[in-house]
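# A look at the structure
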Amino acid sequence: MLELIFYLAAIVIILTVLFYASMFFIAGIAYGYWGLSIIMAPVVWLILLVGMLTGLVCTVKNAIKAVKILHGKGGES
């Protein structure tokens, strides 16, 4: 009987440790994700800005080439 009580107490202690460890693990992942999102936000905005400006420049260049070709003022044919 004493052995059974000992095993039950050991199981309760192990489950309690696993429960608290999992809670801290989940909290750590959530905090890490929040920290990364705060740190990475300006980098993502810069990447989006560079992509937008590159697209704008290429669009204007292609539009100028198209106008030159349509008006017969040179350009590639």
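Now for a description of the structure that goes with this document. Every value quoted in this text rests on a predicted model; they were computed, and no experiment measured them.

Rules and cut-offs
- Residues numbered from 1 in each chain as written.
- Predicted model: local features only at pLDDT ≥ 70, side-chain atom pairs only at ≥ 80, totals over all residues.
- Heavy atoms only, no water.
- Helix = DSSP H or I, 4+ residues; strand = E, 2+ residues; numbered from the N terminus.
- Expected span 1.5 Å × (residues − 1).
- Bend = angle between axes of the 7 residues up to and from the residue.
- Buried < 20%, exposed > 50% of the residue type's maximum accessible area, 1.4 Å probe, protein only.
- Phe/Tyr/Trp six-rings, centres within 6.5 Å; stacked < 30°, edge-to-face > 60°.

## A look at helix 1 (residues 2–71)
Quick reminder: α-helices carry 3.6 residues per turn. Residues three or four places apart thus point the same way. Under the 1.5 Å per step criterion, the end-to-end length of helix 1 is 99 Å for 70 residues, consistent within 8% with the ideal 104 Å. Of all the bends found along helix 1, the most pronounced is centred on Met 40 and spans about 40°, while Pro 42, a proline, follows it within four residues. Note on helix 1: the residue one or two positions beyond its end, Gly 72, has a positive phi of about 70°.

## So, the environment of Gly 32
By the secondary structure assignment, Gly 32 is in helix 1. When its relative accessible area of 31% is taken as the criterion, Gly 32 is described as partly exposed. Sequence-wise, Gly 32 and Val 17 are 15 residues apart; in three dimensions their C-alpha atoms are separated by 22 Å.

## Overview of the packing of aromatic side chains
Considering all chains together, one arrives at two aromatic pairs under this definition. Between the aromatic rings of Phe 19 and Tyr 20, the centroid separation amounts to 5.6 Å while the plane-to-plane angle is 70°, which identifies the pairing as edge-to-face. By relative accessible area, Phe 19 is classed as partly exposed at 45%.

The values are spatial; any link to function lies outside them.
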